[in-house]
Structures are given as C-alpha cells and as structure tokens.
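Observations on chain architecture
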Amino acid sequence: LMLSGHGGVDYVRDLALHGFRRLLGHHFVDFVRPRHLYRLPSGMSPDQVAAEGAQLYGRGFTIGHWLDHDPRIRRDNVRERLASRDFDLVIFGSALRGLPLWDEVERAGYFDEGRVVFLDGEDESRWVDDAALGLNDRGPNGIANRTSLPL
C-alpha cells in the first residue's frame, strides 16, 4: 500500500509507484490515486489532452498518463484493510506532504513490526527527521525505514 497525502506530482513517489505497479500489478494499491499517472479518458479533445500535459514538467514525458486503470485495485476499503492487517508494507509516498491514515497505520501495529517506509523526494534533499513527522513521541519503533532518493 502506498499512501500519499496529495494526488499532485511528486517524482520520487511517482517513479516508485510505476515500479511497484510493474512488479506487483493490481496487488499494489495507491491511495490517493495520482490522476496524472493514469491514462486519460477516451474522447478528450486535443486541447483537453494538451491542457492535462501542460500541468506536468516536461509534459509528463516519462511518467505521465502511462498507467492503465485496473478495476481490481480496491481503494474504497483501505481503512478496513489496514485494520485487518491486509498489507505487507505501508509506504508513505510523500512524507512531508501529508501522512494520510497515520492513526490507522499506527493502531494496526505496522510501525511495531517495521513494515513502514517513508519516501522523501523533496527538492531540499534532506532527510525527513522525527520532529517533522511528529515521531519524536512515538517510541523506539516509530520508523522502520527512511528512504531519500535525491533527484
């Protein structure tokens, strides 16, 4: 499961999502679903397509609008699946841009078992620290892994 606090562009998260989707197919759940990574609906006018691409750096040449919609990906019941510990790993895909469902991840015990990864791809190229994430009061098992992938 990749959790993201926003659906906007974050190239580290977006590239990781492409890779996980390629490796795991519909078993990899992205929540919130980044619209700019998925194919555009058919029937759009050329002007609409151009407007969508204009929102992305380089018009999204390497990542934008390449993923197909897969109805087998279940995003509607993520809270329940977290509570029932249905996911092998939880990835916070844009750690400094939001931590959705934080309480649910914590209650389900993912932190205690080291099954949480944070991606930090901010332009400042700095590590996400405990204070920025609010982990300084979470105890010794607050973070399983931190991954910073400088661009």
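Below is a summary of the structure that appears in this document.

What counts, and at which threshold
Residues numbered from 1 in each chain as written. Predicted model: local features only at pLDDT ≥ 70, side-chain atom pairs only at ≥ 80, totals over all residues. Heavy atoms only, no water. Helix = DSSP H or I, 4+ residues; strand = E, 2+ residues; numbered from the N terminus. Buried < 20%, exposed > 50% of the residue type's maximum accessible area, 1.4 Å probe, protein only. Contact = heavy atoms within 4.5 Å. Core = buried A, V, L, I, M, F, W, Y, C linked by side-chain atoms within 4.5 Å.

1. Considering unusual backbone geometry
Among all residues except glycine, the phi angle is most often negative; among peptide bonds, the trans geometry is most common. The omega angle of the peptide bond from Phe31 to Val32 is 5°, so this bond is cis rather than trans. Examined against the element boundaries, Val32 turns out to sit in the loop between strand S2 (30-31) and helix H2 (46-54). Although it is not a glycine, His65 sits at a positive phi angle of roughly 60°. Turning to its location among the elements, His65 is positioned in the loop between H2 and helix H3 (78-83). A positive phi angle is found at Leu101, which is not glycine, with a value near 60°. Residue placement: Leu101 occurs in the loop between strand S3 (90-92) and helix H4 (102-107). Since its relative accessible area comes to 10%, Leu101 is described here as buried.

2. Some points on the side chain of His18
Residue placement: His18 occurs in helix H1 (residues 11-24). If we skip the residues at most four places from it in the chain, His18 touches Leu37, Ile63, Trp66 and Leu67.

3. A short note on the nonpolar core
Nonpolar side chains in soluble globular proteins generally cluster together in the buried interior. Ranked by internal contacts, the top residues of the largest apolar core, which has 18 residues, are Leu1, Leu3, Leu82, Val90, Phe92, Val105 and Tyr110. Secondary structure elements with two or more residues in this core: H3, S3, H4 and strand S4 (116-120). Once you skip the residues sitting within four places of it in the chain, Val105 turns out to touch Leu3, Leu82, Val90, Phe92, Tyr110, Phe111 and Val116. Within the second largest apolar cluster, 12 residues are counted, among which are Val12, Tyr38, Ile63 and Ile91.

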